[in-house]
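# Structural overview
Each chain is listed here by its residues.
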Amino acid sequence: MTEHPSAQYDLIVIGGNPAGLSLAWAAQRAGVERVAVLSRGESVIGKDLIGRHRVEVHYQADVRRIGRIDEDRLFVETDHITLQASAVVVSQRVGITRADPPFAIDPVVADRVHGVYGTIESDDSWARGDDDILVVGEGESAATAAISLAELGAGVVLALPNEGVTFLSRWARDELQWLESQRRITVLWRSMPDEIGELGGLPMAYFPDRRTPDLQFDHVVLAYHPVAVDDPLEALAIDIDEAAGDRLGFLVEAATTEPEPVSRIGITAAVGNAWNRIQPHFFPDHDVRIEQVTTWVGGDEIAGLRDTHYNATITAFDPHHSDLWVLRVKPDHGDASHMPGQYATLGLGHWEPRIDNVREEVSEKRRTALIRRSYSISNPIFDEHGYLFDRSESHELEFYIVLVRPEGDRIPSLTPRLALKTPGERIYLGAKVAGRYTLEKNTDPDATMLFLSTGTGEA
Ligand SMILES: Cc1cc2nc3c(=O)[nH]c(=O)nc-3n(C[C@H](O)[C@H](O)[C@H](O)COP(=O)(O)OP(=O)(O)OC[C@H]3O[C@@H](n4cnc5c(N)ncnc54)[C@H](O)[C@@H]3O)c2cc1C
């Protein structure tokens, strides 16, 4: 190594992937001044974000060795430079699963199904800008593949089976949210096809959950996921001095905030919670929470809140499109009488999970409160024989509901929670139906009527 490495940093992150960039960005936001990212490649994903946040990236930096200078400093030796830092965090994926996908693939479309790892470049022979592409996989790998395809101009649907809101790096979450707001990616949270079939020579994805319709694509991408290996440091081929361990961190992709520690490493953190884990160890003076994991209310409390607030059962949830569903609701008191043109109130608690995983600022008081919204009742007015329904016989209410997606600072409250509901689940239904825009007063069949449509729809 160089005797006195000239460039000095507070934090060096090894790995220009979304997890590494997220950590660098979070550290800067928390006031850590000198932060550098070392990337093996010639570019990193999300270049515009690096510029905007002034993240310093050294490209083509192949790290060979990490060692100790003195009590407070490590050195990082690459194939062409040596740098020093008070803490070093390794964000490099090691070990990749190539397990068979958990669904059948029609052999006719096998050449349109691609196993990938990491970003997808324009010179991948099958990747075309204007294609519709389904990306299936876990966490960071799938998000990275989807983001790079959207940047190439493809229309991307990303199916992520994961449960938690914390498994993705901050960078990947923000990128996905931004690309969604631009309508360039649709994220299907907690969703996984159970079959890739064939229709007209193209892959057709069939989803077992009721809220996702069957969809046709030009290509399907299976994003491989890294697996834990016995000795990740050895797998990385970086020579790490024994004495450097306590100033070293390691990021792993895990759907938990407490991943298995890696031996000889001071602190191991999950990518979704990286800064919060790293900060107390290496930067105790920068106690700023950037990626706070929000646990609002526990499971038992949720069950109690649902019992207290909900008074109706969802009997049908039929998606006509991923963003438009027909919902049927049966009130506990059994009376769903109403007039065509009226509307009712539906509600769910702030404690319910969201399909888009957007984190909202919710005050302590509102966490256990209901979100209520009005919905036009859309029960058919004729029965199957063409006769008018007898309203007094009505025991259920039907609604057409549009999923509202977040845009910028505008974060919708109810519909992203409704999107995760299935028949049999409970909901709040307002005690009264309302609305005076009905046909009741117009009994003259020869009357001329002028219909006006409003923003809330014509029921
Ligand atoms: C009388 C009445 C009848 C209604 N009937 C229906 C109905 O039949 N079906 C239905 O889906 N909605 C209906 N709405 C709208 C509904 O009450 C909610 O506003 C809507 O579902 C969004 O709720 P949210 O909590 O997800 O978003 P919110 O937190 O309420 O809204 C966030 C933002 O999204 C905007 N927004 C609301 N709806 C849409 C939309 N469709 N597209 C884009 N942006 C939107 C709001 O203006 C607001 O700026 C009706 C509203 C009224 C007042």
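Residues numbered from 1 in each chain as written. Predicted model: local features only at pLDDT ≥ 70, side-chain atom pairs only at ≥ 80, totals over all residues. Heavy atoms only, no water.

### Focus: the overall build of the chain
Test applied: Secondary structure counts use DSSP, requiring at least four H or I residues in a row for a helix and at least two E residues in a row for a strand, with both numbered from the N terminus. Burial classes follow relative accessibility: with a 1.4 Å probe on protein chains only, a residue under 20% of its type's maximum area counts as buried, one over 50% as exposed, and anything between as partly exposed. The contact rule is simple, with two residues in contact once any of their heavy atoms fall within 4.5 Å. Throughout, the Shrake-Rupley method with a 1.4 Å probe supplies accessible areas, and for residues the shown protein chains are the sole cover considered.
Looking only at helices and strands, the chain features eight helices and 24 strands. A total of 459 residues make up the chain; the buried ones form 49% of that total. Within the chain, counting contacts between residues at least 6 apart in sequence, those at least 24 apart form 64% of the total. Carbon together with sulfur atoms contributes 48% to the accessible area of the chain, which is approximately 22,400 Å² in total.

### A closer look at the pairing of strand β12 (residues 195–199)
Selection rule: Two strands pair if DSSP finds at least two bridges between them.
Strand direction decides the pairing type here: strand β7 (residues 104–105) and β12, joined by two bridges, are parallel. If you follow I105 over to β12, its bridge partner there is I196. Here β12 runs beside strand β13 (residues 202–206); their pairing, made up of five bridges, is antiparallel. Each residue of the ladder has a partner; that of I196, found in β13, is A205. Count of turn residues in the β12/β13 antiparallel hairpin: two residues, of which G200 carries a positive phi of about 60°.

### Regarding the packing of helix α1 (residues 18–29) against helix α6 (residues 274–282)
The criterion, for reference: Under this scheme, a helix contributes an axis fitted over its contacting stretch, all axes are lines through C-alpha atoms, and angles between N-to-C directions fall in the 0 to 180 degree range. Angle categories are assigned with fixed cut-offs, so that under 35 degrees is roughly parallel, over 145 is roughly antiparallel, 65 to 115 is roughly perpendicular, and the rest are oblique. The crossing is said to be left-handed when, going from far helix to near helix, the turn is anticlockwise and less than a right angle, and right-handed when the turn is clockwise. Residues are grouped as follows: Ala, Val, Leu, Ile, Met, Phe, Trp, Tyr, Cys and Pro are nonpolar; Asp, Glu, Lys and Arg are charged; every other residue, Gly included, is polar.
One way to put it is that α1 packs onto α6 with a least axis distance of 10 Å and a crossing angle of 55°. Our classification of the angle between α1 and α6 gives oblique. As for the relative orientation of α1 and α6, their crossing is right-handed in sense. Residues L23, A26 and A27 of α1 form the contact with α6, whose participating residues are A274, W275 and I278. In the contact of α1 with α6, the residues fall into six nonpolar, no polar and no charged.

### Side note on the packing of aromatic side chains
Which entries qualify depends on this criterion: Each aromatic pair joins two rings of Phe, Tyr and Trp (for Trp, the six-membered one) with centres within 6.5 Å, and gets the label stacked for planes under 30 degrees apart, edge-to-face for over 60, and tilted for any other angle. As a reminder, the over-ring test applies to NZ of lysine and CZ of arginine, requiring each to be within 6 Å of the ring centre and within 35 degrees of the ring normal.
A full pass over the atoms with the stated rule returns three aromatic pairs. On the numbers, 5.8 Å between centres and 25° between planes, the contact of W275 with F283 is stacked. Residue classification places W275 among the buried residues on the basis of a relative accessible area of 0%. Taking NZ or CZ as reference, R372 lies 4.9 Å from the ring centre of Y428, over its face.

### A word on the sheet that holds strand β24 (residues 426–429)
Taken in spatial order, the six strands of this open sheet run β22-β21-β24-β19-β20-β23, and their pairing is antiparallel. The strands lining the two open edges of the sheet, one partner per strand, are β22 (370–376) and β23 (397–402). In this sheet, neighbouring strand axes are inclined to one another by 40° on average, regardless of whether the strands run parallel or antiparallel. Looking at chain direction, strand β21 (residues 343–349) and β24 are connected through two bridges and run antiparallel. Opposite L346, over in β24, you have L429 as the bridge partner.

### Section: α1
Because an α-helix packs 3.6 residues into every turn, residues spaced three or four apart end up facing the same way. Defined as follows: A helix is expected to span 1.5 Å for every residue after the first.
For α1, which comprises twelve residues, the first-to-last C-alpha distance of 16 Å matches the rise-based estimate of 16 Å (1.5 Å per residue) to within 8%. The buried count for α1 comes to ten of twelve residues, which makes it a mostly enclosed element. When we look at burial in α1, the residues that qualify are P18, A19, G20, L21, S22, L23, A24, W25, A26 and A27. With its phi angle positive at about 105°, G31 sits one or two positions after the end of α1.

### Section: helix α3 (residues 139–152)
Here α3 is 14 residues long and its end C-alpha atoms lie 20 Å apart, about the 20 Å a rise of 1.5 Å per residue gives. The buried fraction of α3 amounts to twelve of the 14 residues, a majority that puts the element mostly inside the structure. For α3, every residue scored as buried is listed here: G139, E140, S141, A142, A143, T144, A145, A146, I147, S148, L149 and A150. G153 sits one or two positions beyond α3 and adopts a positive phi of about 105°.

### So, the nonpolar core
Note the following rule: Here the nonpolar core consists of buried residues drawn from Ala, Val, Leu, Ile, Met, Phe, Trp, Tyr and Cys, with membership extended through side-chain atoms lying within 4.5 Å.
If you look at the biggest cluster of nonpolar residues, it comprises 58 residues, and the most contacted ones within it are V135, L149, V221, L346, F399 and L418. Broken down by element, the residue count for this core peaks at seven residues, all from α3. Residue contacts for V221: discarding those within four places in its chain leaves H114, V116, I120, W126, I133, L134, V135, V136, A145 and L149.

### Here we look at the site of the ligand
Definition in use: In these notes, residues near a molecule or strand are those with any non-hydrogen atom within 4 Å of it. What qualifies as a polar contact is a pair of N or O atoms within 3.5 Å, subject to a donor-acceptor requirement within protein and to the restriction that residues adjacent in sequence count only when both atoms come from side chains.
In the vicinity of the ligand, 16 residues are found, and the nearest of them are R373, S374, Y375, L414 and T415. Contact between the ligand and S376: a nitrogen atom at 3.1 Å from a main-chain N or O atom of the residue. In the model, an oxygen atom of the ligand is placed 2.9 Å from a nitrogen or oxygen of the V402 main chain. Considered on its own, the ligand offers 900 Å² of accessible surface; in the complex 64% of this is hidden by protein. If you list the elements that add at least two residues to the shell around the ligand, you get β22, β23 and α8 (415–418).

### With respect to the pattern of salt bridges
In plain terms, the rule: Salt bridges are identified by distance alone: a Lys or Arg side-chain nitrogen within 4 Å of an Asp or Glu carboxyl oxygen.
Considering all chains together, one arrives at 13 salt bridges under this definition. Its salt-bridge partner being D332, residue R426 comes within 2.7 Å of it at the nearest N-O pair. Note that R426 is positioned in strand β24 and D332 in the loop between β20 (324–331) and β21, a separation of 94 residues in sequence. Using a relative accessible area of 30% as the deciding quantity, one classes R426 as partly exposed. A residue is classified by how much of its surface remains accessible, and D332, at 47% relative accessible area, is partly exposed.

### A look at the side chain of E253
Tracing the chain through its elements places E253 in the loop between β17 (248–252) and β18 (267–270). Looking at E253, the relative accessible area reads 18%, which means it is buried. With residues up to four places along the chain from it excluded, the contact list for E253 reads R93, E140, S141, H225, P226 and V271.

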